[in-house]
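# Structure at a glance
One letter stands for each residue in the lines below.
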Amino acid sequence: MTKNSTSINEVSDDYDITQPAPAALVESLRAFGYSLRTAVADLIDNSISAKAKNVWARFEWDGKHSYIVIKDDGEGMTEAELVSAMRPGSKSPLEERSPKDLGRFGLGLKTASFSQCRRLSVVSKTAKCSSVSRCWDLDYINDSHEWRLLKRFNPPPLHIAKETLDGAGTVILWEKMDRVTGNTSHDDNNAYKRFLEAIDEVREHLAMVFHRYLEKPSGLKMWINGRQIEAWDPFLKTEKATQELPPTKLLCDGQYLMVTPYILPHQSKISKETHKNASGPQGWNAQQGFYVYRNERLLVAGDWLGLGFQKEEHYKLARIQIDLPNSMDSEWQIDVKKSRAKPPGYLRADLRSIGKLAREHAVQIYRHRGKVNARKSSQDHIFLWQQKVRYGKYFYSINREHPLIAKVFLDVGRDSIEPLLKMLEETIPSAHIMITSSEEPEKIGAPFEDCTYDEIKPIIESLYFSFLSSGCTKEDAFSRLIALEPFNYYPEFIETFKNQIEGE
Ligand SMILES: Nc1ncnc2c1ncn2[C@@H]1O[C@H](COP(=O)(O)OP(=O)(O)OP(=O)(O)O)[C@@H](O)[C@H]1O
Ligand SMILES: [Mg+2]
């Protein structure tokens, strides 16, 4: 033994050696918070890093004996590489990676697999060597209290034997999938249905996360149970009506990243099917915002990145692409699951102004119909406050014909509310308002400024139903709403409301 190394049995006055307890650590490695779809995506990252052109996934239902196999035709691993790859923390996150590598932490294969199953087997073959295999069985680790990586599997992985590796490639097998199928029996129809739904979710997720690889003519091809996965492009780049705004280059950690906003077309400019498909896995509203890619692999699919913007229906057409190289991982706090990216503080102001611009464009497109409706409306605008002159002096009064006031009169009786209205009219701080608006006009807020749709919706709803109960048709009620101050400034809110009502 060399002078500097210390065996477990060796006693030192300076330190103790405390090896992580295998059984306990394994359970912690299972708790990174993957879902089935993010876990499968993590394996496919590895296939792409290994230059695979094809990935075949098989989800086989057999109750608690169900299993998942993922096979690729990448470069594969030699025996030494495989043993190293199976080790949790196989590479240091600080190590420089090739620009096309999708890995960072040396953990994904293990953490993703253990999050879903208790038995992970890998068979791999390089062009020059014959195939090699290894298996982590968590129950065996628990029983042996040691990180024993199995060379011979017991029982043998029959499911893998069905897969042949002709040239080079890798096969991953997940068995004992306690987190996916649990202890269900083969005949449990509900569990089977959930399994099929999970496959659909995985398919949808992979179509989105790897769309840029799948879109390339000679790029990656993926199959699940024999069905090829088609790319899902969040930006509808092939649609003529999609607007691409000029990209911005931002300097980050000595390198440039690229930000490209896309404004998706108004519903009326694309087919119904395209519109439905473009809504994405989480739906139109949730899918707005920034899309962060790392080496063209999607990490974050529609998020305003904590820049102070809300997800609002009328901004839903704004989707903004951010392209990061893998050398910015620590600046952007990329996590093991590759599902988080947080912009560094010094980029926030620039990203905010790009976001704001994209949102302004998006609301213009969204308003398209709202504006037309507002123009079509034959109603005169109705105001809540009216200016009156009494004995040569100005007073402000509340319009008793305003639909909201008329509704309150009906609901609680005019006599009980009239004293409050009178008090409001007599005590409105008009002098104060006048001084502020002449001295600091830019500091006077506009009606409902910075309010979200959800905050305004109850008011719109109440007005809408009072119009209906006073005998208006639905169409009339919508055009009266648009003519009503301050909604005449916010036709998009009425448009959103209309869409919701019509969708019910
Ligand atoms: N399908 C595969 N083909 C070839 N090599 C693979 C494959 N899967 C994993 N490997 C090898 O195993 C190593 C460990 O993979 P793992 O996913 O655990 O970590 P990583 O990809 O390096 O980093 P991260 O934790 O960020 O995913 C990889 O670096 C790669 O060398
Ligand atoms: Mg990986």
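Residues numbered from 1 in each chain as written. Chains lettered and ligands numbered in written order. Predicted model: local features only at pLDDT ≥ 70, side-chain atom pairs only at ≥ 80, totals over all residues. Heavy atoms only, no water.

## Structural notes on the site of ligand 1
Within the structure, ligand 1 sits among 19 residues, and Arg 104, Leu 107, Gly 108, Lys 110 and Lys 338 are positioned closest to it. Gly 106 has a polar backbone atom sitting 2.9 Å from an oxygen atom of ligand 1. Looking at the shell around ligand 1, the element that brings in the most residues is helix H4 (residues 108-116), giving three residues. For the shell around ligand 1, the per-class residue count stands at six nonpolar, six polar and seven charged. (Near = heavy atom within 4 Å. Polar contact = N/O pair within 3.5 Å; in protein donor to acceptor, adjacent residues only side chain to side chain. Helix = DSSP H or I, 4+ residues; strand = E, 2+ residues; numbered from the N terminus. Nonpolar A, V, L, I, M, F, W, Y, C, P; charged D, E, K, R; others polar.)

## A word on unusual backbone geometry
Excluding glycine, most residues fall at negative phi; most peptide bonds, likewise, are trans. Positive phi values are uncommon outside glycine, yet Asp 253 reaches one of about 55°. Structurally, Asp 253 can be placed in the loop between strand E9 (248-252) and strand E10 (255-263). The residue Lys 338 is not glycine, and still its phi comes out positive at about 60°. Considering the arrangement of structural elements, one finds Lys 338 in the loop between strand E13 (318-324) and helix H10 (348-376).

## Let's talk about helix H12 (residues 414-427)
When the terminal C-alpha atoms of H12 are compared, their 20 Å separation across 14 residues agrees well with the 20 Å that a helix rising 1.5 Å per residue should span. Those residues of H12 not exposed but buried are Ile 417, Glu 418, Leu 421 and Glu 425. Axial view of H12: buried residues confined to an arc of 115°, hence all on one face. Looking at H12, the residues exposed on the side facing more than 90 degrees away from the buried face are Met 423 and Thr 427. (Expected span 1.5 Å × (residues − 1). Buried < 20%, exposed > 50% of the residue type's maximum accessible area, 1.4 Å probe, protein only. Arc of directions from axis to C-beta.)

## Here we look at the sheet that holds strand E6 (residues 221-224)
Reading across the sheet, the seven strands line up as E4-E3-E5-E2-E1-E6-E7 and stay open at both edges, with mixed pairing between neighbours. Two strands close off the open sheet at either side, each with one partner strand: strand E4 (132-137) and strand E7 (227-228). Direction of pairing for strand E3 (residues 119-125) relative to strand E5 (residues 169-175): antiparallel, over a ladder of seven bridges. Directly across from Leu 120, in E5, lies its bridge partner Trp 174. Those strands touched by helix H7 (residues 189-209) are strand E1 (54-60), E6 and E7, and its axis lies near 170° from that of E6. (Pairing = 2+ DSSP bridges. Contact = heavy atoms within 4.5 Å. Axes fitted to C-alpha atoms, helices over the stretch in contact; angles between N-to-C directions.)

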